[in-house]
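# Close look at the chain arrangement
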Amino acid sequence: MSYLTTAVLLKLDLNPGKPPILYTETPDDVSAWADEHHRALRTLVAEHGSLLVRGLRLHDAARACAALRSLAPAPMTDTEAFAPRRTRTPGVYSSSAWPPNQPMCMHHELSYTLQPPGLMLFACPTAPSTGGATAVADAATVLEALPTELVQRFEQEGWLLTRTYNDEIGASYAEAFGTDDRSAVEEYCRTAAIEFAWQPDGSLRTRQRRPAVTVHSVTGRRCWFNQIAFLNEWTIEPEIRDYLIEVYGAESLPFNTRFGGGDPIGPDVIHLLNDTYSTHTAREPWRAGDLMLVDNVRTAHSREAFQGPREVLVAMAEPLRPAQCPPTAEVRPG
């Protein structure tokens, strides 16, 4: 293996059902190690779609943040998040606030934005006692496994994300857009091809249509690239969905997805998507100190339900150009 020196690369495991796992010696200076081997690590991610690095001993947040900032020297700002995060250091965030007993199904981070991250970076100072894996699935393989007619429809129409921002469920509009200035939010929406409308109670409702399939810039393979299943009402636990509909109404859920033309997506389609992801899922439980890199276009990721304390820090990098994932919506100011 020529990616890393033998002193650094102890073993690269390529086992079916698991992401690639790189075992390495523990460096004294993790930032210097990351700077030195950034290109080699990125090469492995390009080849395999994801990479779990074990041996760096990122057991405390400061060491983990240092590694992430070295591997992502130009980190992206988390904008339009569906759930709030805490900033640990500029460009490094906590995991999304999400109930531990509720899984976050497969998705591509911020695939509903105009410039999604091309690379996701995760560090785990504290691993849960059970569950909580950040599982992965190959997006090109998932696309090939989906029914042709369904894929063609999504390619023709794209997919539609609807959001109703409030101060109770998910990220508020101030958290999502980084400001509570309505004029600034409106300008962002116009620039980002997002339809918006302020509601009488002060909440914000938005709609944005995005492509469901994109082409990987390096491999040239078509990839299933979206958050259609994850942000759809039929992925939510039935009792939680019923509660949200009772409180907010079917048309004002905190988030939901539709076909790009506006038709609802039925539970059969959502179950099919999630089942297809499950068939092609690779997972490895976190160990405290682990690092993981994920190609956000080629590889979907999830977060499984867990018990016990879990701390995973997140950074995003290498934003895609709009031409790589062009919008398919026209802005209609609210």
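Now for a quick tour of the structure.

Conventions and cut-offs
Residues numbered from 1 in each chain as written. Predicted model: local features only at pLDDT ≥ 70, side-chain atom pairs only at ≥ 80, totals over all residues. Heavy atoms only, no water. Helix = DSSP H or I, 4+ residues; strand = E, 2+ residues; numbered from the N terminus. Rg over C-alpha atoms; globule rule 2.2 N^0.38 Å. Buried < 20%, exposed > 50% of the residue type's maximum accessible area, 1.4 Å probe, protein only. Contact = heavy atoms within 4.5 Å. Areas by Shrake-Rupley, 256 points an atom, 1.4 Å probe, with all protein chains shown as cover. Lys, Arg positive; Asp, Glu negative; His and termini not counted. Charge placed at Lys NZ, Arg CZ, Asp CG, Glu CD. Core = buried A, V, L, I, M, F, W, Y, C linked by side-chain atoms within 4.5 Å. Arc of directions from axis to C-beta. Pairing = 2+ DSSP bridges.

Quick look at the overall build of the protein chain now. Along its length, the protein chain carries eight helices and 20 strands. For the protein chain, the C-alpha radius of gyration of 20 Å lies close to 20 Å, the compact-globule estimate for 334 residues. For the C-alpha atoms alone, the extent of the protein chain along its principal axes is close to 60 × 45 × 40 Å. Within the protein chain, the proportion of its 334 residues that are buried is 55%. Long-range pairs, those at least 24 residues apart, make up 78% of the contacts in the protein chain between residues at least 6 apart in sequence. Taken as a whole, the protein chain presents about 14,500 Å² of accessible surface, with 50% of it coming from carbon and sulfur. The protein chain carries 30 positive and 41 negative side-chain charges, and their two centres are separated by 3 Å.

Let's shift gears to the nonpolar core. The biggest cluster of nonpolar side chains holds 47 residues, and the ones touching the most others in it are F122, F154, W224, I228 and L273. No other element matches the four residues that helix α8 (residues 267–279) contributes to this core. Look past the residues within four positions of L273 in its chain and what remains in contact with it is L146, L150, W224, I228 and A229. Within the second largest apolar cluster, 28 residues are counted, among which are L12, A34, L293 and A317.

As a further point, take helix α4 (residues 148–157). Those residues of α4 lying buried are L150, V151 and F154. Down the axis of α4, the smallest arc covering the buried residues is 100°, so these residues share one side. Of the residues in α4, the exposed ones pointing more than 90 degrees away from the buried face are T148, E149 and Q156. Check the buried side of α4 and you find it contacts α3 (139–145), β10 (159–165), β13 (213–215), β14 (222–224), β15 (255–259) and α8. Two residues or fewer past α4, G158 is found with a positive phi of approximately 75°.

If you walk across this open sheet you meet the four strands as β6-β18-β9-β16, and the pairing is antiparallel. Where the open sheet ends on each side, the last strands, each with one partner, are β6 (104–107) and β16 (281–282). Relative to strand β18 (residues 299–303), β6 runs antiparallel, the two sharing two bridges. Directly across from H107, in β18, lies its bridge partner H301.

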